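Examining the three-dimensional arrangement
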Amino acid sequence: MRWTGQDSASRTTGARSSLRNRRILLGGGVLGLLLALAPSLALAAGNPPRPDWNPGAPWAPLTPASPEMLEISNLFWVMLVLSAIVFVIVAGAIGFSVFRFTAKPGQPEPTQVFGNRTVEVTWTLIPFVVLIVAFGFTVHSIHDINTPPKASHPLNIIAMGHQWWWEFDYPTLGVTTANELHIPAGREIHFHVESADVIHSFWIPRLQRQIDANPGQDNAVFVQMPRPGVYDGACYEYCGTGHAWMKFRTIVQPQAAFNAWVKHQLQPAATPKTALAALGKKLFLGNTCVQCHAISGTSAGGTVGPNLTHVGSRWAIAAGAGPMTKQALMDWIHDPNYFKPGALMPPFPLFSQKDLQALAAYLYSLK
Ligand code: CUA
């Protein structure tokens, strides 16, 4: 059938309207995309500064820094090689059979092996032996990693998870700190991992195995670092809104440097040296700060939040949520949610700019 004029006209109109539709669709799409991205764009524009924190690449456990992680990483490679061998043999046998034994027209039914005892025993024994070997390696590693230190006096450290920060206590040394671990190289460490509220997970990916921090339970992890270095860790189990900002830094240092750190930690907080810092101290002690935080050498003795005696010497504020700067301290006190949504510390919107500067100057001076 031939096209009439009418048809051709309607075809043109159709083409025009489809072009218009396409433009509307495109415009709508771009608008929709912008609307969808708006909250993220706004959020990115107002994103607070963050301190450096680097626990290693996602394969950090495979670049071990401690003998304990080396053991785990070795076990991984043994398992990978075992699985690879099994995979190549099985996949190879399947591939070979598919090509070599594909049925051709007119061929008789192949020999059946059902009930063949030799074959059945063989293909039960092979996986059994493979699994026994894997089991042996695993038990050996678990035993090595979980064996208490040989030293009669390992250094005991309590790693206490809180929503959302880490408390580190050195019971034999009398040191209490937060979100920054110091350990001497060469010494055997016994971590007592506990929780003050919900279940957290304590992990320094390049140093030790991951372990849960359970309320009322003393979970043990052992590590002995051969060399000094800096290793970042975090909470690795969702524990509430602030879970992502429950980071900490581990500083492995020579015994002499560690002793100096301990000596410094045991000193009471520094006395303010400027009028601004002195005002900050007055404000701190005169407000509700003291109900949650302790600063040794002052009347502040709260135990709910991190001990702030030497807060100015730490790598970050708020368990890695903000950098250790006066500005970040001011912003944090004004509204902790800016750095850590869900933070349990209340905002202090009534402090004036001068008050905030004074508080930040005081806290920053607590080296
Ligand atoms: Cu604590 Cu996640």
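Residues numbered from 1 in each chain as written. Predicted model: local features only at pLDDT ≥ 70, side-chain atom pairs only at ≥ 80, totals over all residues. Heavy atoms only, no water.

Further remarks concern the domain arrangement of the chain. Each assigned domain of the chain is listed with its residue range as follows: domain 1 (62–104 + 114–146), domain 2 (155–265) and domain 3 (275–365). Here the C-alpha centroids of domain 2 and domain 3 sit 22 Å apart. At the interface, 18 residues of domain 2 touch 18 residues of domain 3. Three residues stand out in domain 2 for area buried against domain 3, namely Trp164, Trp165 and Trp245, and they jointly supply 34% of the buried area on that side. Linking domain 2 with domain 3 are eight residue pairs in polar contact (both at pLDDT 80 or more). Put simply, the parts of the chain that give the side of domain 2 that touches domain 3 at least two residues each are strand E3 (175–178), strand E10 (247–253) and helix H4 (255–266). Taken together, the residues of the side of domain 2 that touches domain 3 break down into six nonpolar, nine polar and three charged. (Domains from an automatic or database assignment. Contact = heavy atoms within 4.5 Å. Buried area = accessible area lost by both parts, 1.4 Å probe. Polar contact = N/O pair within 3.5 Å; in protein donor to acceptor, adjacent residues only side chain to side chain. Helix = DSSP H or I, 4+ residues; strand = E, 2+ residues; numbered from the N terminus. Nonpolar A, V, L, I, M, F, W, Y, C, P; charged D, E, K, R; others polar.)

Residues spaced three or four apart along an α-helix point in a common direction, a consequence of the helix completing one turn every 3.6 residues. Between the first and last C-alpha of H4 there are 16 Å, a value that for 12 residues agrees with the 16 Å anticipated at 1.5 Å per step. Tucked inside the fold, the buried residues of H4 contact strand E1 (155–162), strand E2 (165–170), E3, strand E4 (180–184) and E10. (Expected span 1.5 Å × (residues − 1).)

The next thing to look at is the environment of His293. Position of His293 relative to the elements: it lies in the loop between helix H6 (289–292) and strand E11 (316–317). For His293, a relative accessible area of 12% corresponds to the buried category. As for His293 and Thr309, which are separated by 16 residues in sequence, their C-alpha atoms are 9.1 Å apart. (Buried < 20%, exposed > 50% of the residue type's maximum accessible area, 1.4 Å probe, protein only.)

Right, let's get into the packing of aromatic side chains. Aromatic ring pairs are described here by two measures, namely the spacing of the ring centres and the angle between the planes. One pass over the structure, following the stated rule, counts 16 aromatic pairs. On the basis of an interplanar angle of 70° and a centroid distance of 6.4 Å, the ring pair of Phe168 and Phe202 is categorised as edge-to-face. Here Phe202 lies in strand E6 (residues 200–203) and Phe168 lies in strand E2, a separation of 34 residues in the sequence. Taken as a pair, Phe168 and Phe202 share a single burial class, namely buried. Within the aromatic cluster, the residues linked to one another by ring pairs are Trp166, Phe168, Phe191, Phe202 and Phe248. Residue placement shows Lys247 over the ring face of Trp53; its charged tip is 3.8 Å from the ring centre. (Phe/Tyr/Trp six-rings, centres within 6.5 Å; stacked < 30°, edge-to-face > 60°. Lys NZ or Arg CZ within 6 Å of the ring centre and 35° of its normal.)

Before going further, it helps to examine helix H8 (residues 353–365). Its 13 residues place the ends of H8 18 Å apart at the C-alpha level, agreeing with the 18 Å of an ideal helix rising 1.5 Å per residue. All of the buried residues in H8 are Asp355, Leu356, Ala358, Leu359, Ala360, Ala361, Tyr362 and Leu363. Where the residues of H8 are buried, they touch helix H5 (275–286) and helix H7 (326–334).

There is a patch of nonpolar side chains on the surface, built from Val121, Leu125, Phe128, Val129, Ile132, Val133 and Phe137 and spanning about 620 Å² of accessible area. For Val129, a relative accessible area of 48% puts it in the partly exposed group. (Patch = residues over 30% accessible without salt bridge, like charges linked within 9 Å, V, L, I, M, F, W, Y side chains within 5 Å. Areas by Shrake-Rupley, 256 points an atom, 1.4 Å probe, with all protein chains shown as cover. Salt bridge = Lys/Arg side-chain N within 4 Å of Asp/Glu carboxyl O.)

Our focus in this paragraph is the sheet that holds strand E5 (residues 188–195). Strand order across the open sheet formed by five strands is E3-E2-E1-E5-E8, with mixed pairing between neighbours. The open sheet has two edge strands, E3 and strand E8 (219–224), and neither has a second partner. Strand-to-strand, the axes of this sheet are offset by a mean angle of 25°, without reference to chain direction. Relative to E2, E1 runs antiparallel, the two sharing five bridges. Looking at E2, one finds that Gly161 is bridged to Trp166. In the packing of H4 onto the sheet, contacts are made with E1, E2 and E3, and the angle to E3 comes to roughly 90°. (Pairing = 2+ DSSP bridges. Axes fitted to C-alpha atoms, helices over the stretch in contact; angles between N-to-C directions.)

Inspection of every chain in the model, using the stated rule, returns one salt bridge. With its nearest N and O atoms 2.8 Å apart, the salt bridge here joins Arg249 to Asp232. Here Asp232 lies in strand E9 (residues 229–235) and Arg249 lies in strand E10, a separation of 17 residues in the sequence. Accessibility assignment for this pair places Arg249 and Asp232 in one class, buried.

Judged by nonpolar contacts, the single largest core of 32 residues is most densely connected at Tyr170, Leu181, Phe191 and Phe202. Ignoring anything within four residues of it in the chain, the contact list for Phe202 reads Ala159, Trp166, Phe168, Leu181, Phe191, Val193, Gln208, Arg209, Gln210, Ile211, Ala234 and Phe248. (Core = buried A, V, L, I, M, F, W, Y, C linked by side-chain atoms within 4.5 Å.)

Our focus in this paragraph is the sheet that holds strand E7 (residues 211–213). Taken in spatial order, the five strands make up an open sheet running E4-E10-E9-E6-E7, and their pairing is mixed. Each edge of the sheet is formed by a strand with only one pairing partner; in this case those strands are E4 and E7. On average, adjacent strands in this sheet sit at an angle of 25° to one another, irrespective of strand direction. Examined bridge by bridge, E6 and E9 share two bridges and lie antiparallel to one another.

At their nearest, the axes of H7 and H8 sit 8 Å apart, and the two run at 120° to each other. Accordingly, the angle class assigned to the pair H7 and H8 is oblique. In this structure, the crossing between H7 and H8 has a hand that is right-handed. Here H7 contributes Lys326, Leu329, Met330, Ile333 and His334 to the contact with H8, which in turn contributes Gln353, Leu356, Gln357, Leu359, Ala360, Ala361, Leu363 and Tyr364. (Parallel < 35°, antiparallel > 145°, perpendicular 65-115°, else oblique. Left-handed = near helix turned anticlockwise from the far one by under 90°.)

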